[in-house]
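# Observations on the model geometry
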Amino acid sequence: HQHWTKKQGYKLSLSRDPNPSIYPSIHSFFTMGEPTTTNAKITKPLPLPIKGKSDWRDYRPLLLPNGATLMLVRDSQSKTTAMSVCVNVGASSDPRALSGLAHFCEHMCFLGSEAYPGENTYKKYLSAHGGKSNAATSMSYTTYKFDVLAEHCEQAVDIFAGFFVQPLFT
C-alpha cells in the first residue's frame, strides 16, 4: 500500500504523471474558491475504502472545508486523468410545476462558464486531447464526469470547474 505525501501532491483519479501545477485548480474547484492558508485547513482525511485483493489503485478520501467529499484515486498504469462530481440533487428535487428541472440544469452546465463562454469549448477540448465527458441525472443525484489524456488535464479541470463555480446557463 502506497502512502501519500506532500511531495507526491494530491492526484486526480487515474493520473500517471500529473502536472503539479494542477493542484491549485483542483483545490479552488473543490473548495469553491474558499481561501485557505495551510494544507491542514484544506482537507480532513477520511477512512480508506475497502479494496479487493486485485485492486492495484491507491485511494485517498478527503473531506473538504465546504463539506464536499473528495476521493482521489491513483492508477500508475493509466495514461488518462478522470474527474467526476456528484451533486446531491436529482429528479426528486424538482418542484412539481417544473418537472425535469434537475435534468435541464445538467445540460445547461455544459453550455459554458464565465471563463469559457463558448458553447462547445469543453467538448472540443476533450475531443482534441483524447477525452470524453458525460452526465446523468437520477432521482437523487446528478453526476458529471470526464476523462482526458493526463498531460492535458489542467485545462480540462479548469473548464469543468467553471460549470459549477460560474455557469452561464445561456
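Rules and cut-offs
Residues numbered from 1 in each chain as written. Predicted model: local features only at pLDDT ≥ 70, side-chain atom pairs only at ≥ 80, totals over all residues. Heavy atoms only, no water. Phe/Tyr/Trp six-rings, centres within 6.5 Å; stacked < 30°, edge-to-face > 60°. Helix = DSSP H or I, 4+ residues; strand = E, 2+ residues; numbered from the N terminus. Buried < 20%, exposed > 50% of the residue type's maximum accessible area, 1.4 Å probe, protein only. Lys NZ or Arg CZ within 6 Å of the ring centre and 35° of its normal. Salt bridge = Lys/Arg side-chain N within 4 Å of Asp/Glu carboxyl O. Pairing = 2+ DSSP bridges.

Quick look at the packing of aromatic side chains now. By the definition in use, this model includes 10 aromatic pairs. Both rings, one in F110 and one in Y144, keep their centres 5.8 Å apart while their planes meet at 55°; by these two values the pair is tilted. Remark: Y144 occurs in strand β6 (residues 142–149) and F110 occurs in the loop between α3 (101–109) and α4 (121–128); sequence separation between them is 34 residues. In terms of burial, F110 and Y144 fall into one category: buried. Arranged with centres 5.2 Å apart and planes meeting at 70°, the rings of F160 and F164 form a pair that is edge-to-face. Of this pair, F160 and F164 both sit in helix α5 (residues 153–165), four residues apart, which is roughly one turn of that helix. An identical accessibility class is assigned to F160 and F164; each is buried. Taken together through their ring pairs, the aromatic side chains of F110, Y122, Y144, F146, F160, F163 and F164 make up a single cluster. Looking at R57, its charged tip hangs above the ring of W56, at a distance of 4.7 Å from the centre.

The final tally for this structure, using the stated rule, is two salt bridges. Across the salt bridge formed by R57 and D55, the nearest N and O atoms sit 3.2 Å from each other. Here D55 falls in the buried class, since its relative accessible area comes to 16%. Across the pair D147 and K132 runs a salt bridge whose closest N-O atoms are separated by 2.8 Å. Here the residue D147 occupies a position in strand β6, and K132 occupies one in strand β5 (residues 132–137), the gap between them amounting to 15 residues. For D147, a relative accessible area of 17% corresponds to the buried category. Judged by its relative accessible area of 55%, K132 falls in the exposed class.

Attention now moves to the pairing of strand β3 (residues 69–74). Bridge analysis of strand β2 (residues 58–63) against β3 gives six bridges, and the strand direction is antiparallel. Residue L62 lies in a different strand from β3, and its bridge partner there is L70. Once β2 ends, the chain turns through five residues before running back antiparallel as β3, passing G67 with a positive phi of about 95°.

Within the open sheet, the three strands sit side by side as β1-β2-β3. Their pairing is antiparallel. Edge strands, defined here as strands with exactly one partner in the open sheet, are β1 (44–45) and β3. As paired elements, β1 and β2 share two bridges and run antiparallel to each other. Pairing of K44 across the sheet is with L63, part of β2.

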